[in-house]
Amino acid sequence: MNRFAATLAGFLGLAILTLPVPAQAIPVASVGKVALHLEKGSTARHQLVAIGRDLVIDGEALGDVAALSGSVEISGHVAGDVVLFAGNAHLASTARVDGDVFALGGRVDAAPGARIGGRSVSYPTVSSAWMTLIEGPTLGLSALSPVVLGAKVALLAAWAVLVLLFFAASGREVLGTADSVRREPFRSFFIGLTGVLTLFLTALFFGAFAGALVGLPLLILVILLALILKLWGSVAVFYALGDWIAVHLLHRRVRPLNAATGGLLVLGVLKFLPWIGDWTWTVVTFIGVGAALATKFGRREPWFDLETA
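Residues numbered from 1 in each chain as written. Predicted model: local features only at pLDDT ≥ 70, side-chain atom pairs only at ≥ 80, totals over all residues. Heavy atoms only, no water.

(A) The overall build of the protein, seen in detail. The secondary structure content of the protein amounts to six helices and 15 strands. Taking all 309 residues of the protein together, 44% fall into the buried category. In the protein, 45% of the contacts between residues at least 6 apart in sequence involve partners at least 24 apart. For the protein, the accessible surface area stands at approximately 15,400 Å², while carbon and sulfur atoms represent 64% of it. (Helix = DSSP H or I, 4+ residues; strand = E, 2+ residues; numbered from the N terminus. Buried < 20%, exposed > 50% of the residue type's maximum accessible area, 1.4 Å probe, protein only. Contact = heavy atoms within 4.5 Å. Areas by Shrake-Rupley, 256 points an atom, 1.4 Å probe, with all protein chains shown as cover.)

(B) The arrangement of the sheet that holds strand β8 (residues 77-78) in detail. Taken together, five strands build an open sheet; the order of strands is β2-β5-β8-β11-β14 and the sheet is parallel. Unpaired on one side and paired on the other, β2 (43-44) and β14 (115-116) mark the two borders of the sheet. Sheet analysis places strand β11 (residues 96-97) next to β14, joined by two bridges and oriented parallel. Note that in β14 the partner of V97 across the bridge is I116. (Pairing = 2+ DSSP bridges.)

(C) Spotlight on the pairing of strand β9 (residues 82-85). The alternating pattern of β9 places V82 and L84 and V83 and F85 on opposite faces, both of which are buried. Here four bridges tie strand β6 (residues 65-68) to β9, and the two strands are oriented parallel to one another. By the bridge assignment, L68 is partnered in β9 with F85. As judged from the four bridges shared by β9 and strand β12 (residues 101-104), these two strands associate in the parallel manner. Among the inter-strand pairings, V83 is bridged to a residue of β12, identified as F102.

(D) Molecular detail of the pattern of salt bridges. Going through the model one piece at a time under the given rule, you end up with eight salt bridges. In this structure, E184 and R187 form a salt bridge, with 3.4 Å as the shortest nitrogen-oxygen distance. Given the relative accessible area of 43%, R187 is considered partly exposed. Linking D243 and R253 is a salt bridge whose minimum nitrogen-to-oxygen distance equals 3.6 Å. Taken together, the residues span a long stretch of sequence, with D243 in helix α4 (residues 212-248) and R253 in the loop between α4 and α5 (256-271) at a distance of 10 residues. Classification of D243 by relative accessible area gives buried; the value is 3%. Here the salt bridges share partners, and the residues they tie into one network are D179, R182, R183, D243, R253 and R300. (Salt bridge = Lys/Arg side-chain N within 4 Å of Asp/Glu carboxyl O.)

(E) Geometry of a nonpolar patch on the surface. Together, I220, L221, L224 and I228 give the surface a local cluster of nonpolar side chains, amounting to about 360 Å² of exposed area. As for its placement among the helices and strands, L224 is situated in helix α4. Relative accessible area serves as the criterion here: at 42%, L224 is assigned to the partly exposed category. (Patch = residues over 30% accessible without salt bridge, like charges linked within 9 Å, V, L, I, M, F, W, Y side chains within 5 Å.)

(F) Inspection of the nonpolar core at higher detail. With 54 residues, the main nonpolar core has L68, F85, F189, L193, V235 and F238 as its most contacted residues. It is α4 that provides the largest number of residues to this core, a total of 14 residues. Sequence-distant contacts of L193, defined by excluding residues within four places in its chain, comprise A66, L68, F85 and F286. Counting 21 residues, the second largest nonpolar core, distinct from the first, contains A50, V72, V97 and V101. (Core = buried A, V, L, I, M, F, W, Y, C linked by side-chain atoms within 4.5 Å.)

(G) View of α5. Relative to the 22 Å expected for 16 residues at 1.5 Å per residue, α5 spans 22 Å between its end C-alpha atoms, a close match to the ideal helical length. For α5, every residue scored as buried is listed here: A259, A260, G263, L264, L267, G268, L270 and K271. (Expected span 1.5 Å × (residues − 1).)

(H) How the structure looks around the sheet that holds strand β15 (residues 120-123). Ordered by their spatial adjacency, five strands build an open sheet running β3-β6-β9-β12-β15, and the pairing between neighbours is parallel. Strands with a single pairing partner mark the edges of an open sheet, and in this sheet they are β3 (48-51) and β15. Taken pair by pair, the neighbouring strands of this sheet meet at an average axis angle of 5°, ignoring direction. Each of β3, β6 and β9 is contacted by helix α6 (residues 276-295), which is oriented at about 140° to β6, the strand it contacts most. (Axes fitted to C-alpha atoms, helices over the stretch in contact; angles between N-to-C directions.)

(I) Layout of the packing of aromatic side chains. Under the counting rule described, the total for this entry stands at nine aromatic pairs. Seen in terms of ring centroids, W159 and W281 are 6.0 Å apart; in terms of plane orientation they differ by 45°. Their pairing is tilted. You can see W159 sitting in helix α2 (residues 146-183) and its partner W281 sitting in helix α6, a full 122 residues away along the chain. On the basis of relative accessibility, which here comes to 2%, the residue W281 falls in the buried class. Ring geometry for F189 against F286: centres 5.7 Å apart, planes inclined by 75°, an arrangement best described as edge-to-face. Taken as a pair, F189 in helix α3 (residues 185-209) and F286 in helix α6 lie far apart in primary sequence, 97 residues in all. When its relative accessible area of 0% is taken as the criterion, F189 is described as buried. Judged by its relative accessible area of 1%, F286 is buried. Taking NZ or CZ as reference, K271 lies 4.2 Å from the ring centre of W281, over its face. (Phe/Tyr/Trp six-rings, centres within 6.5 Å; stacked < 30°, edge-to-face > 60°. Lys NZ or Arg CZ within 6 Å of the ring centre and 35° of its normal.)

Structure follows, in structure tokens:
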């Protein structure tokens with residue numbers, strides 16, 4: 001429980017740091033963004049995440065590295081994968097990445113001598129329509145526009161109906177997914193990152209290489225799977241958050257449906273805050289998708305049975 005709360009608080013803190021900062025804050029790599037810097041000689045034993053700012057790796061990162069709406073500059077060593085959404089990856093000649101490097105909405109630039117142990121994939125011209133899976137369209141309007149505010153109210157009402165339907169039909173499985181959210185929020189976040197990226201690459205493959213007769217139905221199935229993962233996982237996060245608030249702040253136990261509704265209300269309030277709301281719901285999406293994938297929608301069984309008779 002405490003790990004889950006600490007994770008959400010940490011992500012929220014990172015979201016607050018995405019607000020504009022004075023020029024004298026010494027931004028590294030881009031004006032207005034203070035980079036998260038792993039200095040040379042330093043070691044990070046867990047995953048590193050930068051939200052709305054750049055990430056500089058001069059030391060050794062023993063886990064995965066991710067940046068949302070920010071770039072990654074590597075001159076040191078990354079033992080895991082490097083995943084970027086709306087950002088570029090820059091690898092110096094001394095850079096060494098043992099895993100894969102994925103850039104969705106950005107480029108991968110590797111200097112001569114840089115080593116990548118896995119795949120290097122970049123899609124710099126990603127349509128914003130694909131990113132609606134993460135948070136939703138802004139319609140190109142201000143966050144305080146009546147149209148945007150009205151759309152957010154309508155979405156929250158739809159979420160409330162969805163919470164009721166999911167708990168009525170599969171309450172036990174939703175609780176199973178929420179348990180993964182509470183126990184392993186960071187792992188769920190990274191599974192969600194890689195899961196969304198994998199689904200996107202699969203959809204691109206079907207759209208580009210499969211024929212229209214076969215590719216279009218498969219593309220629709222991939223999009224539906226991504227949407228179901230987002231909806232299911234988000235409801236699980238609502239419950240995990242609401243239950244934590246009830247137990248640790250209100251010091252009482254509430255029914256699962258009430259806890260999920262409470263979590264939705266808290267996140268719903270945050271949704272109306274510029275910057276913070278968008279980043280919070282983006283994090284909720286990735287954690288939820290990852291938990292849904294890790295638990296197979298709360299069933300706690302392998303996705304594919306490879307055993308033979």
